[in-house]
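An overview of the molecular structure
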Amino acid sequence: MMNSVSQTGSAAVSDRTAALVVVSLLLFGLAGCQSTAPETVPVDLESAIERLNRPLSGDPAALYRLRVSASGGLRMSVLTSGGDGRLTVSEPFGTAVSLTSWSGSQQPTFFDLREGCQIQATDLEQALGVAAMPLPQAVRLFSGRLPAIADDWVAPHEDGRILIEGFRWAALVKVAAEPWRVVSVEQVGAEGRGWRFELSDHSLSVPGFIRVKNADGRWAELELVRLEWNEGSELPPPPDLPLCGDEPNR
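None of the values given here were measured: they were computed from a predicted structure. Throughout, a residue's number is its position along its own chain's written sequence, starting from 1. The model is predicted, so local features are restricted to residues of pLDDT at least 70 and side-chain atom pairs to those at 80 or more, both for listing and for counting; the totals for chains, interfaces and linings are taken over all residues. Excluding hydrogens and water, the side-chain figures rest on all heavy atoms present in the structure.

1. Remarks on the pairing of strand β5 (residues 84-90)
So the rule is basically this: When a residue's accessible area, from a 1.4 Å probe over protein chains only, is under 20% of the maximum for its type it is buried; when over 50% it is exposed; and in between it is partly exposed. In DSSP terms, a helix is any run of H or I states spanning at least four residues, a strand is any run of E spanning at least two, and both are numbered starting from the N terminus. DSSP bridges decide pairing: two strands pair if at least two such bridges lie between them.
When you tally the buried positions in β5, you get six out of seven residues, the bulk of the element. Two strands pair when backbone bridges link them, and strand β4 (residues 71-81) and β5 are joined in this way by seven bridges, in the antiparallel orientation. If you follow methionine 76 over to β5, its bridge partner there is valine 89. The loop that links β4 with its antiparallel partner β5 comprises two residues; one of these, glycine 82, has a positive phi angle of about 60°. Pairing of β5 with strand β6 (residues 96-103) involves seven bridges; the strand directions are antiparallel. Following the sheet pairing, serine 90 is matched in β6 by alanine 96. Counting the residues in the hairpin turn of β5 and β6 gives five residues, including glycine 94, whose phi is positive at 100°.

This is the structure we're talking about:
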């Protein structure tokens with residue numbers, strides 16, 4: 001989520017709310033994918049859970065094309081190392097406008113690189129009015145797995161989907177077989193403020209196209225450019241920036 005985004009690669013949006021919109025969509029969910037995904041509900045959900053809840057092959061590093069209502073031509077990169085990660089949104093010519101940093105189960109920190117300051121995750125949630133899918137779970141989803149980590153509860157649901165319950169969030173996951181893959185993730189218990197992911201254009205279990213939509217109509221589209229698996233790579237340290245306030249660094 002960027003504080004300032006270029007519109008079709010030129011005009012910049014100076015309102016910090018625009019930055020929050022992008023980050024919230026990336027963390028909250030998708031809906032209405034352009035590509036068609038099979039609607040068949042698999043019979044054996046236990047097999048789907050066994051297949052899709054395996055550990056990742058390594059630490060994913062991914063690059064996406066990003067489109068939101070205010071702009072196309074953005075880029076989003078995701079770098080991970082164990083339980084740590086960095087999510088960066090950049091303008092078409094490479095200027096980074098936002099960075100989200102997380103470490104394990106700790107709350108992530110959002111860096112507004114245009115304003116030169118950081119927003120704590122609790123402030124981000126209050127500003128958006130919704131709770132996000134945790135970033136470690138989102139990384140697993142984007143990498144071809146169920147969005148669940150070790151402490152999450154995963155079980156077949158009576159409606160033919162898979163129920164995942166974690167700390168302060170829950171979702172119903174629809175999967176398809178041959179090969180097993182996630183085709184949608186819908187937040188439950190959000191009382192009209194939830195999100196929905198729809199994933200398509202898979203390569204085996206890895207989605208090549210993701211569309212995100214919140215209940216309030218905000219949306220984002222992600223198109224996978226490249227996915228690599230790293231082992232033991234160190235992440236760059238997050239920037240040393242003050243909390244956002246009346247006098248951010250320039």
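2. What to know about the packing of aromatic side chains
Selection rule: We call Phe, Tyr and Trp rings a pair once their centres come within 6.5 Å, taking the six-membered ring for Trp, and we label the pair stacked below 30 degrees between planes, edge-to-face above 60, and tilted otherwise.
Applying the stated criterion to the full structure yields three aromatic pairs. For the pair phenylalanine 142 and phenylalanine 197, a centre-to-centre distance of 6.3 Å together with 65° between the ring planes defines the contact as edge-to-face. Here phenylalanine 197 lies in strand β13 (residues 195-200) and phenylalanine 142 lies in helix α4 (residues 135-142), a separation of 55 residues in the sequence. By relative accessible area, phenylalanine 197 is classed as buried at 0%.

Geometric descriptors of this kind do not, in isolation, establish any biological role.
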